[in-house]
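Overview (structure and organization)
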Amino acid sequence: MNAPVNPSLLAALESVTLDDKYTLERGRAYMSGIQALVRLPMLQQARDAAAGLNTAGYISGYRGSPLGGLDLSLWKAKQHLASHNIVFQPGLNEDLAATAVWGSQQVNLYPAKFDGVFSMWYGKGPGVDRSMDVLKHGNSAGSSKHGGVLVLAGDDHAAKSSTLAHQSEHVFKAAGIPVLYPSNVQEYLDYGLHGWAMS
């Protein structure tokens, strides 16, 4: 019980920081699902850089449960996002956020300093309904060659914080948007990177 602590274990513990979830390049880092969603675009930018691409990221969405903590976590990670050329700009509503994300995929139409922009849009179930026109047309238009959009829907199946229960899969199917089902935090990262690759 009073045995001395292994010095190498102690050194490893002393090197752990709260920023590991956003900065650690190898090994394990403890993070929540929301924090994994914040880390995901940083991983995409690093992946692109390793492939010789100069890309940037753009994130927009509308506050609301059950993804209500995402914007707070994005604001807290502002310096980490900035170091990866990622801009977070919440929308005034779901439609404007989705339209801005759609615009980020038109980088090939004008002279640009980046090879591409990968984007993320988030909203709760009713926001998916509200933004259907933009989501459908944006998906139909496609993404830029080195871009892509990941759409996150926070469904409220029990109508705990919404006026109606909601399930977004049917809406995404109608818009031709593929649906990924991560079952744990690691799969948020794995599926998210795969999702951008599918765009």
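Everything below is about the structure printed above this text.
Residues numbered from 1 in each chain as written. Predicted model: local features only at pLDDT ≥ 70, side-chain atom pairs only at ≥ 80, totals over all residues. Heavy atoms only, no water.

A tally of helices and strands in the protein yields 10 helices and four strands. The N-to-C order of helical and strand elements in the protein reads α-α-α-β-α-α-β-α-β-α-α-β-α-α. For the protein, the proportion of its 199 residues judged to be buried stands at 41%. Entry remark: accessible area of the protein is about 11,600 Å², with carbon and sulfur atoms responsible for 56%. (Helix = DSSP H or I, 4+ residues; strand = E, 2+ residues; numbered from the N terminus. Buried < 20%, exposed > 50% of the residue type's maximum accessible area, 1.4 Å probe, protein only. Areas by Shrake-Rupley, 256 points an atom, 1.4 Å probe, with all protein chains shown as cover.)

Quick reminder: α-helices carry 3.6 residues per turn. Residues three or four places apart thus point the same way. Listed in full, the buried residues belonging to helix 8 (residues 132-141) are Met132, Val134, Leu135 and Gly138. The arc that holds every buried residue of helix 8, seen down its axis, measures 165°, which confines them to one face. Opposite the packed face of helix 8, turned more than 90 degrees from it, sit the exposed residues Asp133, Ser140 and Ala141. Packing partners of the buried residues in helix 8 comprise helix 6 (94-104), helix 7 (125-130), strand 4 (148-154) and helix 9 (169-175). Two residues or fewer past helix 8, glycine 142 is found with a positive phi of approximately 85°. (Arc of directions from axis to C-beta. Contact = heavy atoms within 4.5 Å.)

What follows concerns the pattern of salt bridges. Applying the stated rule across the entire model yields two salt bridges. Arginine 130 is paired through a salt bridge with glutamate 94; the nearest N and O atoms lie 3.6 Å apart. Linking arginine 130 in helix 7 with glutamate 94 in helix 6, this pair joins segments that are 36 residues apart in sequence. Of the charged contacts, one joins arginine 130 and aspartate 95 as a salt bridge, the two residues approaching to 2.8 Å between their closest N and O atoms. Here arginine 130 is found in helix 7, whereas its partner aspartate 95 is found in helix 6, with 35 residues between them in sequence. Owing to a relative accessible area of 47%, arginine 130 belongs among the partly exposed residues under this scheme. Among the residues examined, aspartate 95 registers a relative accessible area of 25% and is labelled partly exposed. Several salt bridges converge on common partners, so that one network encompasses Glu94, Asp95 and Arg130. (Salt bridge = Lys/Arg side-chain N within 4 Å of Asp/Glu carboxyl O.)

The subject of this paragraph is the side chain of serine 73. Mapped onto the elements of the fold, serine 73 is located in helix 4 (residues 68-76). Every residue in contact with serine 73, bar those within four places of it in the chain, is listed here: Tyr22, Ile34 and Val38.

This part takes up the layout of surface pockets. Empty space within the largest pocket amounts to approximately 1,000 Å³. Lining of the largest pocket is provided by 39 residues; of these, Leu150, Val151, Leu152, Phe172 and Pro178 occupy positions nearest its centre. Mapped onto the lining of the largest pocket, the elements with two or more residues apiece are helix 3 (33-50), helix 6, helix 8, strand 4, helix 9 and helix 10 (185-198). At seven residues, the largest contribution of residues to the lining of the largest pocket is made by strand 4. Within the lining of the largest pocket, the residues separate by chemical class into 23 nonpolar, 13 polar and three charged. Estimates place the volume of the second largest pocket at around 330 Å³. Lining the second largest pocket are 14 residues, and of these Gly27, Ala29, Met31, Gln186 and Leu189 sit closest to its centre. Mapped onto the lining of the second largest pocket, the elements with two or more residues apiece are helix 3 and helix 10. Among the elements that make up the lining of the second largest pocket, the one with the highest residue count is helix 10 (five residues). (1 Å grid on protein atoms, 1.4 Å probe; cavity = no way out; pocket = protein on both sides within 12 Å on 5 of 7 lines; lining within 4 Å. Points joined across faces, edges and corners; volume = space filled by probe spheres on them. Nonpolar A, V, L, I, M, F, W, Y, C, P; charged D, E, K, R; others polar.)

Moving on to the environment of aspartate 129. As for its position among the elements, aspartate 129 is in helix 7. Apart from the residues within four sequence positions on either side, aspartate 129 is in contact with His166 and Val171.

For any two helices packed against each other, one specifies the crossing angle of their axes together with the interaxial distance. Between helix 3 and helix 4, the least distance of the axes is 9 Å, while the angle of their chain directions is 50°. Between helix 3 and helix 4, the angle falls in the class oblique. The two elements helix 3 and helix 4 meet at a crossing, and its hand is right-handed. The residues of helix 4 that touch helix 3, namely those facing Ile34, Leu37 and Val38, are Gly69, Leu70, Ser73 and Leu74. Taken together, the residues that form the contact of helix 3 with helix 4 break down as five nonpolar, two polar and no charged. (Axes fitted to C-alpha atoms, helices over the stretch in contact; angles between N-to-C directions. Parallel < 35°, antiparallel > 145°, perpendicular 65-115°, else oblique. Left-handed = near helix turned anticlockwise from the far one by under 90°.)

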